[in-house]
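# Structural features, examined
Here are the chains, one letter per residue:
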Amino acid sequence: MLRCIQLAKNGLGTTYPNPLVGSVIVHNDRIIGEGWHYRAGQPHAEVNAIVSVSEANLLKEATIYVSLEPCSHFGKTPPCADLIIESGIKKVVVGSLDPNPKVAGRGIKRLMEAGCEVIVGVLHTECDILNKRFFTFHQKKRPYIFLKWAKTADGFIAPKDETRDETKPVWITNEFSRQIVHKMRAEEQAILVGTRTVLHDNPSLTVREWAGENPTRIVIDRNLKIPENFSVFDSSSKTIVFNETESKTSKNIDFESIDFSEEIPQQICAALFRRDIQSVIIEGGAKTLQTFINANLWDEAFVFQGKNRFDEGIEAPVFKGVHVSEEKIKDDTLRIFKNENS
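Thresholds, definitions, all that
- Residues numbered from 1 in each chain as written.
- Predicted model: local features only at pLDDT ≥ 70, side-chain atom pairs only at ≥ 80, totals over all residues.
- Heavy atoms only, no water.
- Pairing = 2+ DSSP bridges.
- Helix = DSSP H or I, 4+ residues; strand = E, 2+ residues; numbered from the N terminus.
- UniProt positions renumbered as here; feature names shortened; annotations may be inferred.
- Contact = heavy atoms within 4.5 Å.
- Domains from an automatic or database assignment.
- Buried area = accessible area lost by both parts, 1.4 Å probe.
- Salt bridge = Lys/Arg side-chain N within 4 Å of Asp/Glu carboxyl O.
- Polar contact = N/O pair within 3.5 Å; in protein donor to acceptor, adjacent residues only side chain to side chain.
- Nonpolar A, V, L, I, M, F, W, Y, C, P; charged D, E, K, R; others polar.
- Buried < 20%, exposed > 50% of the residue type's maximum accessible area, 1.4 Å probe, protein only.

## Details of the pairing of strand 2 (residues 30-36)
- Across 6 bridges, the pairing between strand 1 (residues 22-27) and strand 2 is antiparallel. In the sheet register, Gly22 faces strand 2, and the bridge partner there is Trp36.
- Counting the residues between successive antiparallel strands, the hairpin from strand 1 to strand 2 contains 2 residues, one of them, Asn28, with a positive phi of roughly 50°.

Below, the structure written as structure tokens:
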């Protein structure tokens, strides 16, 4: 099952809205086939594992391990449970049950009704963590939310406006930390910022220092202040603009109106759920981050700390989280926290 999890991680960033799944086929304590789900619309992990077996006659005596319950419904591909049955495999070992209402135990039931021995729950905690985005999406009806910011050694995430040189970017962390951020962007489905961040930094919010697909860009722009020639409106990725007045689509840009007198984070999460967005990185600014923190709508926080100091400026968000890990990135420090109440 550990190998299934390892294989499944190869699909991080490319399988949305599908889950990460790995599968291994074993015959007489020897792996004879393995596979993972590469991309939505393409064959699932179980299919790739079965196809990879060079001696198909061994399948009737083999055990298939899969990190998530095999699907039992027709989507873009046929049900994996049916393929397992048709292949002659009689023993199936499953990590997690699928929370998707379209599956939710039906795959297990179909296998058992066909005479397969099914063992469920092997390394289920690890398998659940593997698909934390998928599980949060289906169980809580919202995306899995990562908070991310960089702060100076004295706790500021940006200098004061009057001391800032608008012609130059303000880097708090080193190039290696920035590369990790771009890796995160390639792995998650969307990235969200507020108006102030866009107006001050004119960010592209794309993947440049890592290989991968650009996330969907989400901008909170209540009064539509951001000029049309800014980078978030270029053709490199889709952009969703939450605002107070307009709901329309223009090329790759969706404008969606929400009620700014009500709970903004909750409205945004509901809208992203309707759009099948399973994960989002909230990159700033401080007000936007704090709004989601105060609403208790976050799951993990990635806090980068550089060595330089501003002495004054915009203070980092205030939050309470469980400290999970800490690592040095040359002269920077990355601390990861989890929300114990999410």
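## Considerations on the UniProt feature "binding site: NADP(+)" (unreviewed entry) in the protein chain
- The feature "binding site: NADP(+)" (unreviewed entry), as given by UniProt, occupies Ala150, Trp171, Thr197 and Asp201 in the numbering adopted here. Annotated residues spanning 52 residues; largest pairwise C-alpha distance 14.3 Å, indicating a single compact cluster.
- Its place among the elements puts Ala150 in strand 6 (residues 144-151).
- The residues contacting Ala150, other than those within four sequence positions of it, are Phe156, Ile157, Ile172, Thr173 and Phe304.
- With respect to the helices and strands, Trp171 occurs in the loop between strand 7 (156-158) and helix 7 (175-187).
- When sequence neighbours within four positions are dropped, the list of residues in contact with Trp171 reads Arg178 and Asn308.

## Observations regarding the domain arrangement of the protein chain
- Each assigned domain of the protein chain is listed with its residue range as follows: domain 1 (1-134) and domain 2 (143-339).
- For domain 1 versus domain 2, the separation of C-alpha centres amounts to 35 Å.
- Facing the 9 residues of domain 1 at the interface are 11 residues of domain 2.
- Buried area between domain 1 and domain 2, both sides added, is near 910 Å², and the carbon and sulfur share of it is 47%.
- Along the contact surface separating domain 1 from domain 2 lie 3 salt bridges.
- Our count for the domain 1 to domain 2 interface comes out at 7 residue pairs in polar contact (both at pLDDT 80 or more).
- Here the side of domain 1 that touches domain 2 is built from residues that sort into 4 nonpolar, 2 polar and 3 charged.

## Some thoughts on the side chain of Asn339
- Along the chain, the position of Asn339 falls in the segment after strand 17 (332-338).
- For Asn339, a relative accessible area of 6% puts it in the buried group.
- Side chain to side chain, Asn339 and Asn296 meet in a polar contact 2.8 Å long.
- Sequence-distant contacts of Asn339, that is, excluding residues within four places in its chain, are made with Asn296, Trp298 and Asp299.

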